Amino acid sequence: MDINIIYSDKSIAVAEKPSGVPSQPDKTGDMDMLTAVGERFGYAGLIHRLDRPVAGLMVFALNKGAEKFVSEQMSGGGFGKNYAAVCCGVPKSEEGELRDWLVKNQRLNISSVSNRGDKNAKEAILRYRLMETVEDGKFGELSLLDIKLLTGRHHQIRVQTANAGMPLWGDTKYNPEFKRGYYNIFPALYSRRLEFVHPETKKVVVFEKFPEYAPFTLFTKSLHNFLKNF
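Residues numbered from 1 in each chain as written. Predicted model: local features only at pLDDT ≥ 70, side-chain atom pairs only at ≥ 80, totals over all residues. Heavy atoms only, no water.

**Points about the pattern of salt bridges**
Applied cut-off: Within this document, salt bridges are pairs made up of a side-chain nitrogen of Lys or Arg and a carboxyl oxygen of Asp or Glu, the two lying within 4 Å of each other. Helix numbers and strand numbers start at the N terminus; a helix is a DSSP run of H or I with at least 4 residues, a strand a run of E with at least 2. Any residue under 20% of the maximum accessible area for its type is buried, any over 50% is exposed, and the rest in between are partly exposed; the area is computed with a 1.4 Å probe on protein chains only.
On inspection of all chains with the given rule, the structure shows 13 salt bridges. Taking the shortest distance from any N to any O, the salt bridge between K209 and E16 comes out at 3.6 Å. Placement of the pair is K209 in the loop between β11 (204-208) and α4 (220-228) and E16 in strand β2 (residues 12-17), with a sequence separation of 193 residues. On the accessibility criterion, K209 (19% relative accessible area) is buried. Residue R99 is joined to E123 by a salt bridge in which the shortest nitrogen-to-oxygen separation is 3.0 Å. Taken together, the positions of R99 in strand β6 (residues 95-105) and E123 in strand β8 (residues 122-136) put the pair 24 residues apart, joining distant regions of the chain. A network of salt bridges, in which partner residues are shared, links R129, D146, R192, R193, E195 and E208.

**Regarding the nonpolar core**
How we decide: Among buried residues, those of type Ala, Val, Leu, Ile, Met, Phe, Trp, Tyr and Cys that are joined through side-chain atoms within 4.5 Å constitute a nonpolar core.
Of all hydrophobic cores here, the largest spans 30 residues; its most connected members are V59, V86, L142, W169, F196 and F216. For this core, the leading source of residues is strand β4 (residues 55-61), giving 4 residues.

**Concerning the packing of aromatic side chains**
Note on aromatic pairs: each is described by the distance of the centres and the angle between the planes. Here is the rule: Stacked, tilted and edge-to-face are the three classes applied to pairs of Phe, Tyr and Trp rings, where Trp contributes its six-membered ring and a pair requires centres within 6.5 Å; stacked means planes under 30 degrees apart, edge-to-face means over 60, and tilted covers the rest. Charges are assigned to positions over rings by a cutoff of 6 Å between ring centre and Lys NZ or Arg CZ, combined with an angular limit of 35 degrees from the ring normal.
Tallied over the full model, the rule gives 9 aromatic pairs. By way of ring pairs, the aromatic residues Y7, F79, F196 and F207 are connected into one cluster. Lying across the ring of F69, K202 places its NZ or CZ 4.9 Å from the centre.

**Concerning unusual backbone geometry**
Cis geometry marks the peptide bond from A214 to P215; its omega dihedral reads 5°. With respect to the secondary-structure elements, P215 resides in the loop between β11 and α4. One non-glycine residue, K202, adopts positive backbone phi at about 60°. Residue position: K202 is located in the loop between β10 (189-197) and β11.

**Focus on the environment of C87**
As a reminder, the rule being used: Every residue pair with non-hydrogen atoms within 4.5 Å of one another is taken to be in contact.
Relative to the helices and strands, C87 is located in strand β5 (residues 80-88). A sequence separation of 134 residues divides C87 from K221, and the C-alpha atoms of the two residues are 17 Å apart. Setting aside its immediate chain neighbours within four residues, C87 contacts E141, L142, S143, L145, T161, M166, P167, L168 and W169.

**What about the pairing of β10?**
Condition: Here, a strand pair is defined by DSSP locating no fewer than two bridges between the strands.
Taken across its 9 residues, β10 has 7 buried, putting it largely inside the fold. Inspection of the sheet shows β4 paired to β10 by 2 bridges, in the parallel sense. Each residue of the ladder has a partner; that of G56, found in β10, is S191. Sheet topology note: the β5/β10 ladder contains 6 bridges and is antiparallel. Across the sheet, the residue bridging to G80 is E195, located in β10. The sheet contact formed by β10 and β11 spans 5 bridges and is antiparallel. Looking at the pairing, F196 lines up with V205 of β11. Between β10 and β11, which pair antiparallel and follow one another directly, the connecting turn spans 6 residues, one of which, K202, has a positive phi of 60°.

**What to know about helix α2 (residues 64-76)**
What counts is decided by this rule: In a helix, the anticipated span is given by 1.5 Å times the number of residues less one. For this quantity, the arc is that covered by the directions from the helix axis to the C-beta atoms.
Given a rise of 1.5 Å per residue, 13 residues ought to cover 18 Å, and the 18 Å separating the end C-alpha atoms of α2 matches this to within 8%. Turning to α2, its buried residues number three or more, namely A66, E67, V70 and Q73. Looking straight down α2, one finds that the buried residues subtend no more than 135° of arc, so they occupy a single side. Turned more than 90 degrees away from the buried face of α2 sit K64, K68, S75 and G76, all of them exposed. As for α2, its buried residues are in contact with β3 (45-46), β4 and β10. Looking one or two residues beyond α2, the residue adopting positive phi is G77, at roughly 85°.

What follows is the structure, given as structure tokens:
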């Protein structure tokens, strides 16, 4: 698999995962990001995962020391992750926080919103900021959100945005508009920004990329502003 390496040095590699590619080996046997990066650099340690339908930036450790150092940031809450998400509809406010209790159905591979008293529920928190809204001839108003995850739950962004009345464009699990008649389509969700302390320099590093494919390319103002800063 030809992978797009955004950055690499002797300790880490930042790669762009395409939609539909597994983060690590699974029962399908399809080529995955962890294996592809390992073949490219000789070793790859998995720091975090993206769901198979989700695209965007992932960081991999290229040695055991780097793997331990960056993984500790992930588990300790010192690892920053932002996503670009195209939602059907417009949020009630330009920025805010979504806080829900989610329950995972392992058999159906879906999650749903429950209540705090549910012993199987886990708290899910994210913050969002509205970047731009456009009018689409078929789907009506579409909003581009910048989302920062404060917890990491199963399908968290997909479930919480749907519950808030603004489901992701292209989401065949949680958006009723896409549950029938759509094939080979993926949710418009992209891991656009990673921030963490580099294992060698011990300085904060930031990696960013704006997705340049539909439906993200509808948001020309946001794309222009991003590219202008690079």
